[in-house]
Amino acid sequence: MATIEQTQELNQELTFKRKFRRWFFEGMRPSAANVRDEKSPWYHVMCLTGLDYFGSLGYAPGIAALSAGLLAPQATIVLVLLTLLGALPMYKRVAEKSPHGQGSIAMLEELVPGWIGKVLILCLLGFAATDFIITITLSTADAAAHIAENSYVKQLCAADHSWSFLQYRMGVTITLLTILTLVFMKGFKEAVQVAIAVVSTFILLNLGVAVVGCYEVFQTPEAWSTWQEHLVASFQTPWNMTIKSLIVFPALALGMSGFETGVTVMPIVIGDPSGDKERDLSERIRNTKKLLTAAAVIMSSFLLISSFMCTLLIPQPAFQAGGEANGRALAYIAHKYLGNIYGTCYDISTIFILWFSGASSMAGLLSLVPRYLPRFGMAPTWAKATRPLVIFFGIVSYVVTYLFKADVDAQGGAYATGVLVLMSSAAIAVFFTIPKSKILSRTMYFFISAIFVYTTVMNINQRPEGLHIAAFFIATIFIISFISRAMRSTELRTKNVNFGERGTEFIEQNQNKAVHIVAHTPGTYDYRACEQKARDLHYLHHSDAPELVFLEVTVKDASEFTDDEILIHAQEIDGYQVLRCESTAVPNAIASVLIQIRNRTGVVPHAFLYWTEGNPIFYALKYIFLGSGETGPVTREILREVEPDVSRRPRIHVA
């Protein structure tokens, strides 16, 4: 027999387990508080989304110099024009159309319903996963590179070999990823607070580098003249320069990240505090537009200035692999013209923003995934909770980092591919949502869409590995989605059944009586023949045989997984009571109706169904994808899972 002390220890252990499960799976239950509900002012949220956007200054100027060479400033001008005149107005419209953070993907979902739309969304989620996951791993790897390349770190490692682990980029990257995961396990609010400090410091230090860099450019006019001479010698005419700039600028697309994240985190932007839902939504949209505009203007300004500074002040060999400016062009300028102390401060700030820029991508994933996959039945129910997702994405980031060996350049193509595909899909979605009567707006967004599609195709052509990585993510999502939907196919899915006025009257007439339901195929109206068949098969010809009620379920959109509500239309046809409804799946709807009839009448109902002739595997797949198939066994299995008490479980008769 257990002692009092052992019993107390067991109770404490059980209490700890319950508390841990409640904390870990917070957000799964509708009543539970969700960390995604914590609100912040738009300029605070801009710091969170700007971690990725502004953080790309750590490597974007170097990539521009490598990809465009002497034409880096011109290519950057093209990028900035596309950002301010294309991406910014486009995502302002996305914010209007998806104010709850669904993003451009939700707009496409409305435009393309059914399984075709679901397949399209799964593909886009694959590209989104590519964008966000690679952002996390690439930025963290670049932070590790800044640590390894810092002059003081090199001196420290040379003087004391016990610090040589700082030169091991893989280990440092994994450590930084682990810390990032732990921060998000705590919650969004803490991530926003850290983002404010990191982004503010980084922008101020970049402002100092920009001022000094511009001063040095004006102090060395020969650098400007030399650059122009080389341009003329290489390209001869401004037209050739323009054409070449248009060709190479897609490689600079890393400087356009952050827009999709800016709209996916809209739910954490503070709106109107008065409590009026419409005013709150309107104010949240307005504040998100401020966020997008401020971020785009700040980033465009820094990109323009940095492209000229880096091209004129840094020799081209320094940008190559192993060069002092490779992956850290602005840090190179900070060290050279402001000294090692300022340069080290800049390095530390860059390390923090690059490391923590994964936070904005993690925020995007945590906002995006729960809105789609669980609703489609294509993810486990725990995907509605934040912390399990953080663990899952953290593990995926470890795997990606290992596969790419924490190499920044190797991940650049995948990053740009993810960003550009999402922006192209957003442009197309916006184009189709504009009324045909607004010819000027449709023409403008047609050209914007064409430019983004061109940029995407060029980027994939130049760096096809990005498409390969995205294809891997897409295939993984499809496999997980299919397995998850198959495993969750026997969930009840709908717990709210509205019987309407006539249906409620019918229920009240059958209080304390067992209701006998016959599943009837919609569109066939010979109820007398159906009744005769049911009575013959189920031996219901005796004197006290029950009155039969027909239930017809029409599948409305089998690609959807859940029903918010099943609305019953009750009517009398040829003297027979008929209940009609629409649902995403026939067996689940029948099970929901039976459960509600039992709850309202107080008596377990009976349902009569038929065996389906044909291959059971085919009908199982038909049920998963089309919502109908082997109805009898599936309905019984759903009821078995939802009601463990056999005495209270509705009876299923199959013949």
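Trainee: What's the story with helix α3 (residues 60-68) in this structure? I'm lost.
Mentor: Across the nine residues of α3, seven count as buried, placing the element largely inside the fold. When α3 is considered as a whole, its buried residues turn out to be Ala-60, Pro-61, Gly-62, Ile-63, Ala-64, Ala-65 and Ala-68.

Trainee: So what exactly am I meant to see when it comes to the pattern of salt bridges here?
Mentor: For the structure on display, the rule yields seven salt bridges. For the salt bridge of Lys-289 with Glu-96, the shortest nitrogen-to-oxygen distance reads 2.4 Å. Of the two residues, Lys-289 sits in helix α13 (residues 277-313) while Glu-96 sits in helix α4 (residues 72-97), which places them 193 residues apart along the sequence. For Lys-289, a relative accessible area of 23% puts it in the partly exposed group. Exposure remark for Glu-96: the relative accessible area of 37% places this residue in the partly exposed category. Two residues, Asp-280 and Arg-284, come together in a salt bridge whose shortest N-O distance is 3.7 Å. Of the two residues, Asp-280 and Arg-284 both sit in helix α13, four residues apart, roughly one turn of that helix. One connected set of salt bridges, linked through shared partners, spans Arg-598, Glu-643 and Arg-648.

Trainee: For this particular structure, what's the right way to read the packing of helix α2 (residues 42-55) against α13?
Mentor: To describe two helices that pack against each other, one gives the angle between their axes and the distance between the axes. Packing of α2 against α13 leaves a shortest axis separation of 10 Å and a crossing angle of 40°. Of the possible angle classes, the one that applies to α2 and α13 is oblique. Judged by the twist between their axes, the crossing of α2 over α13 is right-handed. Between α2, through Trp-42, Val-45, Met-46, Thr-49, Tyr-53 and Phe-54, and α13, the contact on the second element is made entirely by Asn-287, Lys-290, Leu-291, Ala-294, Ala-295, Ala-296, Ile-298 and Met-299.

Trainee: Where do I start with the nonpolar core in this structure?
Mentor: Met-90, Tyr-91, Leu-125, Phe-259, Ile-314 and Phe-452 are the most contacted members of the largest nonpolar core, which has 139 residues in total. The element contributing the most residues to this core is helix α14 (residues 329-372), with 18 residues. In contact with Met-90, not counting residues within four places along its chain, are Met-423, Ala-426, Ala-427, Val-430, Tyr-445, Ile-448 and Phe-452. Judged by nonpolar contacts, the second largest core, of 32 residues, contains Phe-506, Val-515, Ile-624 and Ile-652.

Trainee: Honestly, the sheet that holds strand β8 (residues 651-654) in this entry has me stumped. Any pointers?
Mentor: Note: strands within a sheet are paired through backbone hydrogen bonds, in either parallel or antiparallel orientation. The mixed open sheet is built from six strands, whose spatial order is β5-β6-β3-β2-β7-β8. The open sheet has two edge strands, β5 (569-573) and β8, and neither has a second partner. Strand after strand, the sheet turns through a mean of 30° between neighbouring axes, direction not considered. By the bridge criterion, four bridges tie strand β7 (residues 606-609) to β8 in an arrangement that is parallel. Of the residues in β8, the one forming a bridge with Ala-607 is Ile-652.

Conventions adopted
Residues numbered from 1 in each chain as written. Predicted model: local features only at pLDDT ≥ 70, side-chain atom pairs only at ≥ 80, totals over all residues. Heavy atoms only, no water. Buried < 20%, exposed > 50% of the residue type's maximum accessible area, 1.4 Å probe, protein only. Helix = DSSP H or I, 4+ residues; strand = E, 2+ residues; numbered from the N terminus. Salt bridge = Lys/Arg side-chain N within 4 Å of Asp/Glu carboxyl O. Axes fitted to C-alpha atoms, helices over the stretch in contact; angles between N-to-C directions. Parallel < 35°, antiparallel > 145°, perpendicular 65-115°, else oblique. Left-handed = near helix turned anticlockwise from the far one by under 90°. Contact = heavy atoms within 4.5 Å. Core = buried A, V, L, I, M, F, W, Y, C linked by side-chain atoms within 4.5 Å. Pairing = 2+ DSSP bridges.

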